Amino acid sequence: MFNKYMGFRKSNYTGGYDGLLKSGVATLKNDKEIRELYALIIQHGEKPPLEIEKFRNVCLKKFFDYAIDEKIDFYRVPINEILNRIGSRHFT
């Protein structure tokens, strides 16, 4: 997954939320694994793929599962709107 995301970045195909989703982030087991992937991406000199401060009390696994279930297009739907939609049921 890390390699796939980094490939997207090197080719400028995609990145950020969309790149994480297309690289398969929702297949990770839990919030901890997603946060570890985020940290690994940063450690390799990439800009942060998401606005991590918005997810301080949000389970990233549930967030990305929701994005898959609802077929969210991150280029069309603002992150704050998604967070408002999922509400407190997806907080850690």
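These lines cover the structure that appears in this document, whether it is placed above or below.

Thresholds applied
Residues numbered from 1 in each chain as written. Predicted model: local features only at pLDDT ≥ 70, side-chain atom pairs only at ≥ 80, totals over all residues. Heavy atoms only, no water. Axes fitted to C-alpha atoms, helices over the stretch in contact; angles between N-to-C directions. Helix = DSSP H or I, 4+ residues; strand = E, 2+ residues; numbered from the N terminus. Parallel < 35°, antiparallel > 145°, perpendicular 65-115°, else oblique. Contact = heavy atoms within 4.5 Å. Phe/Tyr/Trp six-rings, centres within 6.5 Å; stacked < 30°, edge-to-face > 60°. Buried < 20%, exposed > 50% of the residue type's maximum accessible area, 1.4 Å probe, protein only. Salt bridge = Lys/Arg side-chain N within 4 Å of Asp/Glu carboxyl O.

Another point: the packing of helix α3 (residues 31-43) against helix α4 (residues 60-69). Their axes nearest at 7 Å, the elements α3 and α4 cross at an angle of 90°. As summarised for this structure, α3 and α4 are arranged roughly perpendicular, according to the angle between their axes. Every residue of α4 that contacts α3 at Asp-31, Ile-34 and Arg-35 is listed here: Leu-60, Lys-61 and Phe-64.

It is worth spelling out the packing of aromatic side chains at this point. To describe a pair of aromatic rings, one takes the distance between the centres and the angle between the planes. Applying the stated criterion across every chain, the model contains 8 aromatic pairs. Arranged with centres 5.1 Å apart and planes meeting at 85°, the rings of Phe-63 and Phe-64 form a pair that is edge-to-face. With respect to class, Phe-63 is no different from Phe-64; both count as buried. Both rings, one in Phe-64 and one in Phe-74, keep their centres 6.3 Å apart while their planes meet at 70°; by these two values the pair is edge-to-face. With Phe-64 in helix α4 and Phe-74 in the loop between α4 and α5 (79-86), this pair connects stretches of sequence that are 10 residues apart. Each member of the pair, Phe-64 together with Phe-74, is buried. A connected cluster of aromatic rings, assembled from ring pairs, spans Tyr-17, Phe-55, Phe-63, Phe-64 and Phe-74.

Moving on to the pattern of salt bridges. Under the defined criterion, the tally for this structure stands at 9 salt bridges. Asp-73 is the partner of Arg-76 in a salt bridge, and the nearest nitrogen-oxygen pair spans 3.6 Å. The class for Arg-76 is exposed, based on a relative accessible area of 70%.

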